[in-house]
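# Architecture at a glance
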Amino acid sequence: MKLQLPLSLARPLAFAAVTTRLLMGIFLDLPWLYNAGWIAALGAILLCAPLGMLADRAARACRGGGIAEALEERGGRAVARPVFALLSLVCIYETAVTSRVLSNTVRHVALAEASAISLLLPLLLAAMLCACLGGQAIGGAARIWVRVMPVLMLIVLLLQFRSFRPAWLTPLLGPGANVLASGTVSASGWLSMAALPWLCADREESGAKQRGALGTLAAIGIFSAAVLALLAMMAPPSVRTDLTRTYQLDKLLANGRVTQTAQLPLILLWYNGLLFNVTADLFFAAKLLQLTFPRLDGRLAVLLSGVVSGAVAMLGWAEQRMVVSYARWLFAVVGILMLALFAAPLRKGGKRACVH
């Protein structure tokens, strides 16, 4: 079984998954940005723009078939397969991080303690089952979700319109320019994951409507910045030392100003976004693992990725402190790997680089 993702579905899948990851990263793991998280999201667009242009150029150069396979054929296995392996490890870790946050959210909302295995196991089993259905199923579901999401957002906005306080967006730079710059680099790492669908996609000959990676990166960043600005206007900055994920989750879902009516669409947005994020990261981890070892069956690749992700989450390697340290280097790692993969083939032959 070969895991496949049509290029026409890369955009909705990237938007559904990476938007949640960017919001989760900035709001939960970078709470010391206070009310300036939305600026970090906008700054991430500028840093990730060259990566989006590279992904677009590679997708245009390939007339048919898998983009990653075509790049490997031109650039050579010695370069491509180590890149695929390292990107697969990044996706496995991202799956573990999001799974841990989702399980903690379930525990928080249920107001009850539960073992980590009882929360993680059903989640990862469901994600593995969905990933085995292939990129067309996941991408098709993401396309529907991207259309439903604005409706839920509109409901939240209408219900909470009187609660927004624009004055809470000041001071504009939050904790200061240096801290904001560091947070922007971390946010760029999460946003750079939006280029993976274009790398893992298969170009279609049917002339299906296909959107570029650069425009999708910009749309994700702008939408995330708007949501973060609205969240900042919902509650004043919390200047305290113990800004944990649990504290931030409580502030997000039930901060004392959110009405009970508005909690349902907020919870739907949060949970569905996290589910798409877990499933997409697991799918990309398995797809990149299969690109590294082409004879590996897709179902086995999904199983291996899910088991390793679960182990990482269970061992506590996906908690806030470790994620913050890892996020500082994520943009540089993904950028260098993508540059190594895209640059050589495009430099050697333009459109001919990806033609068999």
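You'll find the structure just up there.
Counting of residues starts from 1 at the beginning of each chain's written sequence and follows it residue by residue. The model is predicted, so local features are restricted to residues of pLDDT at least 70 and side-chain atom pairs to those at 80 or more, both for listing and for counting; the totals for chains, interfaces and linings are taken over all residues. Hydrogens and water are ignored here; the side-chain numbers use all heavy atoms of the structure.

## Regarding unusual backbone geometry
Where the residue is not glycine, phi is negative for most of them; where a peptide bond is considered, it is trans in most cases. In this structure, the amide linkage connecting Thr-170 to the following residue, Pro-171, adopts the cis form with an omega of -5°. What counts as a helix is a DSSP run of H or I of at least four residues, what counts as a strand is a run of E of at least two, and both are numbered from the N terminus. Counting through the fold element by element, Pro-171 comes out in the loop between helix 6 (135-160) and helix 7 (177-192). With phi around 55°, Tyr-34 is a residue other than glycine that occupies positive phi space. Locating Tyr-34 in the fold gives a position in the loop between helix 1 (10-29) and helix 2 (37-61). Looking at Tyr-34, the relative accessible area reads 30%, which means it is partly exposed. Here's how the labels work: a residue is buried when its accessible area is under 20% of the maximum for its type, exposed when over 50%, partly exposed in between, all with a 1.4 Å probe on protein chains only.

## Observations concerning the packing of aromatic side chains
Pairing of aromatic side chains here covers Phe, Tyr and the six-membered ring of Trp, requires ring centres within 6.5 Å, and sorts the geometry by plane angle: under 30 degrees stacked, over 60 edge-to-face, intermediate tilted. Taken as a whole and judged by the stated rule, the model has four aromatic pairs. Ring plane angle 55° and centroid distance 5.5 Å describe the contact between Phe-15 and Phe-223, whose orientation is recorded as tilted. With Phe-15 in helix 1 and Phe-223 in helix 9 (residues 213-234), this residue pair connects regions lying 208 residues apart in the sequence. An angle of 65° between the planes, with centres 5.6 Å apart, marks the rings of Phe-283 and Phe-284 as edge-to-face. Phe-284 shares its class with Phe-283; the two are buried.

## Looking at empty space enclosed by the protein
Of the two site types, the cavity is a set of points on a 1 Å grid over the protein atoms alone where a 1.4 Å probe fits but cannot get out, and the pocket is an open set with protein on both sides within 12 Å along at least five of seven lines, each lined by residues with an atom within 4 Å of a point. Grid points are joined across faces, edges and corners, and a volume is the space filled by probe spheres set on the points. Considering all chains together, one arrives at four cavities of 30 Å³ or more under this definition. In this structure, the largest cavity spans a volume of roughly 410 Å³. What lines the largest cavity is a set of 24 residues, and nearest its centre among them are Met-153, Val-227, Leu-231, Leu-252 and Leu-266. Put simply, the parts of the chain that give the lining of the largest cavity at least two residues each are helix 1, helix 6, helix 9, helix 10 (245-253) and helix 11 (260-292). Residue polarity follows a fixed list, in which Ala, Val, Leu, Ile, Met, Phe, Trp, Tyr, Cys and Pro are nonpolar, Asp, Glu, Lys and Arg are charged, and the others, Gly among them, are polar. Looking at the lining of the largest cavity, its residues break down into 18 nonpolar, five polar and one charged.

## Quick notes on the environment of Phe-27
Within the secondary structure, Phe-27 is located in helix 1. Note: C-alpha distance between Phe-27 and Leu-249 (222 residues apart in sequence) is 8.9 Å. Whether two residues touch is decided by their heavy atoms; if any such pair falls within 4.5 Å, the residues are in contact. Beyond its immediate sequence surroundings of up to four residues, Phe-27 is in contact with Leu-228, Leu-231, Gln-248, Lys-251 and Leu-252.

## Focus: the pattern of salt bridges
Salt bridges, as used here, are contacts in which a Lys or Arg side-chain nitrogen is within 4 Å of a carboxyl oxygen on Asp or Glu. Summed over all chains, the structure comprises seven salt bridges. Here Arg-21 ties to Glu-94 by a salt bridge, and the two come within 2.5 Å at their closest N and O atoms. Here the residue Arg-21 occupies a position in helix 1, and Glu-94 occupies one in helix 4 (residues 77-110), the gap between them amounting to 73 residues. Residue classification places Arg-21 among the buried positions, given a relative accessible area of 2%.

The analysis is restricted to geometry; functional conclusions fall outside its scope.
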